[in-house]
Amino acid sequence: MTAPAPGSLLIDGIGSLVTNAPGTGEGALGVIARAALVVEQGRVAWTGPSAHAPDADARVDAAGRCVIPGFVDSHSHIVFAGDRGREFAARMAGRPYEAGGIRTTVAATRAATDAELLGTAERLLREARTQGTTTLEVKSGYGLSTAEEERCLRVAARVTDETTFLGAHVVPAEYADDPAGYLDLVTGPMLEACAPHSRWIDVFCERGAFDADAARRVLAAGRRAGLGARVHGNQSGPGPGVRVAVEAGAASVDHCTHLDPGDIDALASAAPAEGVGEGAGGSATEATARGGTVATLLPGVDFATRQPYPPARALLDAGAAVALATDCNPGSCFTSSMAFCIALAVREMRMTPDEALHAATRGGARALRRTDIGHLGTGARADLTLLDAPDPVYLAYRPGVPLVAAVWKDGELVAGGV
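Residues numbered from 1 in each chain as written. Predicted model: local features only at pLDDT ≥ 70, side-chain atom pairs only at ≥ 80, totals over all residues. Heavy atoms only, no water.

**Q** How do you make sense of the overall build of the chain when you look at a structure like this?
**A** On a plain count of helices and strands, the chain comes out with 15 helices and 17 strands. In terms of overall dimensions, the chain is globule-like: its C-alpha atoms have a radius of gyration of 21 Å, near the 22 Å expected for 418 residues. Projected onto its principal axes, the C-alpha coordinates of the chain cover approximately 70 × 45 × 45 Å. A buried classification covers 60% of the 418 residues belonging to the chain. Once local pairs closer than 6 in sequence are excluded, the contacts in the chain between residues at least 24 apart make up 72%. For the chain, the accessible area works out to roughly 15500 Å², and carbon and sulfur atoms hold 51% of it. Charge separation in the chain, taken as the distance between the mean sites of 37 positive and 49 negative side-chain charges, equals 2 Å. (Helix = DSSP H or I, 4+ residues; strand = E, 2+ residues; numbered from the N terminus. Rg over C-alpha atoms; globule rule 2.2 N^0.38 Å. Buried < 20%, exposed > 50% of the residue type's maximum accessible area, 1.4 Å probe, protein only. Contact = heavy atoms within 4.5 Å. Areas by Shrake-Rupley, 256 points an atom, 1.4 Å probe, with all protein chains shown as cover. Lys, Arg positive; Asp, Glu negative; His and termini not counted. Charge placed at Lys NZ, Arg CZ, Asp CG, Glu CD.)

Spelled out as structure tokens, the structure:
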């Protein structure tokens, strides 16, 4: 046995360790049975069979339970105020979902204090943490003025490093008669104010929001400002969002509910290779130029809006890269549970449990151009979740059951206990 390293942690007695590092263990998930893992200085220092584990300063006994990488939720909108529960009830009674509901949240968000916005964001972050999420992307998009978008991004930056400027969410009421003027604002003064607080730029390329030409202009302006590209696309119906994203070299196109064969082929051709990306703090623009485009699927939205589910099976069979995310927001999907999204993906989208887990971890990391998260290979950030289950299939097998026993972020226990 080797001497323990300062500040090191040994987690042993792991029944099944999912590393997401093929070659480290069995299958595409790199599973090691009867495993152990060592953390040093916030990083994974060693994985392997428990019988061969080195000593460490501290030890946790997993007692036969499984360990997975922390979930990487690459799409959320948790900086907001107000409530849209009545809108949800009306939708369940037959009223269709419309993007205009966003303006209800805009009004409430503008009226809220900084402390109120931060309090909501921190509460939802804690909620996500207790359910196994260790990385959370957060968008603006509920301010829709220069001062309010900048304020929302300042709040977002207090809870995550993965911040996204979404001034191009919808056209606000005060610009209803001048959408071109609002586009000028988003790509000019608003972007200038928001870029210092953002890693990414996003655009809602959808009927009722921004058309293809406007979306291209938003993404091009963001690239000039040093921001990586993301796109909301093909949510409400067929549209140009996927192709705009692929043309722009966007890291991800999100929703992808309504795809035609050409969209699927484009995403398959644009799939990033495993391992392509940047670590935290890297250049999103450089990474986007080198990488491809991930199809980020948001099944919680389709559940809550009674829309068809995305064609995940067709995307995977064609060779597209797929991620799962929550799209936690007050209107179309008010869940922070990645486990719920995994269960929906398996039951409704014909993904296997292994595919869904990969999409919720390594897939999300690829959608954020990150190689330091979403897996537990040596050198990765020690972001991991201990499940109160012998196998990760339980995430889909036991939907709605709180299975997360403990969560570590950068090697520090942030939720639960053992």
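After that view of the structure, there is still more to cover.
**Q** Sorry, what's going on with helix H2 (residues 102-111) here?
**A** Inspection of H2 places Ile102, Thr105, Val106 and Thr109 among the buried residues, and these make up the whole buried set. Down the axis of H2, the smallest arc covering the buried residues is 105 degrees, so these residues share one side. Its buried side turned inward, H2 meets helix H3 (114-130), helix H4 (146-156) and strand S10 (200-205). (Arc of directions from axis to C-beta.)

**Q** Could you clarify how one ought to interpret the pattern of salt bridges in this entry?
**A** Pairing is possible between side chains of opposite charge, provided their charged atoms come close. In the structure shown here, the tally under the stated rule is 22 salt bridges. Between Arg199 and Glu162 there is a salt bridge, with its nearest N and O atoms 2.9 Å apart. You can see Arg199 sitting in the loop between helix H5 (179-194) and S10 and its partner Glu162 sitting in the loop between H4 and strand S9 (163-168), a full 37 residues away along the chain. Taking relative accessible area as the criterion, Arg199 reaches 10% and is therefore assigned buried. Two residues, Arg381 and Asp410, come together in a salt bridge whose shortest N-O distance is 3.1 Å. Pair noted here: Arg381 is in the loop between helix H14 (362-367) and strand S15 (384-387) and Asp410 is in the loop between strand S16 (404-409) and strand S17 (412-416), with a separation of 29 residues, a long-range link. One salt-bridge network, in which partners are shared between bridges, spans Glu162, Arg199, Arg370, Asp372, Arg381 and Asp410. (Salt bridge = Lys/Arg side-chain N within 4 Å of Asp/Glu carboxyl O.)

**Q** It is not clear to me how the packing of H5 against helix H6 (residues 212-224) should be interpreted in this structure. Could you clarify?
**A** Angle between the axes and distance between the axes are the two parameters that describe a pair of packed helices. Axis separation between H5 and H6 bottoms out at 10 Å; the angle between their running directions is 10 degrees. By the angle between their axes, H5 is roughly parallel relative to H6. Here Leu183, Asp184, Val186, Thr187 and Leu191 of H5 lie close against H6, whose contacting residues are Ala214, Arg217, Val218, Ala221 and Gly222. Of the residues contributing to the contact of H5 with H6, the split by class is six nonpolar, two polar and two charged. (Axes fitted to C-alpha atoms, helices over the stretch in contact; angles between N-to-C directions. Parallel < 35°, antiparallel > 145°, perpendicular 65-115°, else oblique. Nonpolar A, V, L, I, M, F, W, Y, C, P; charged D, E, K, R; others polar.)

Everything listed here is a matter of coordinates, which is why it stays silent on function.
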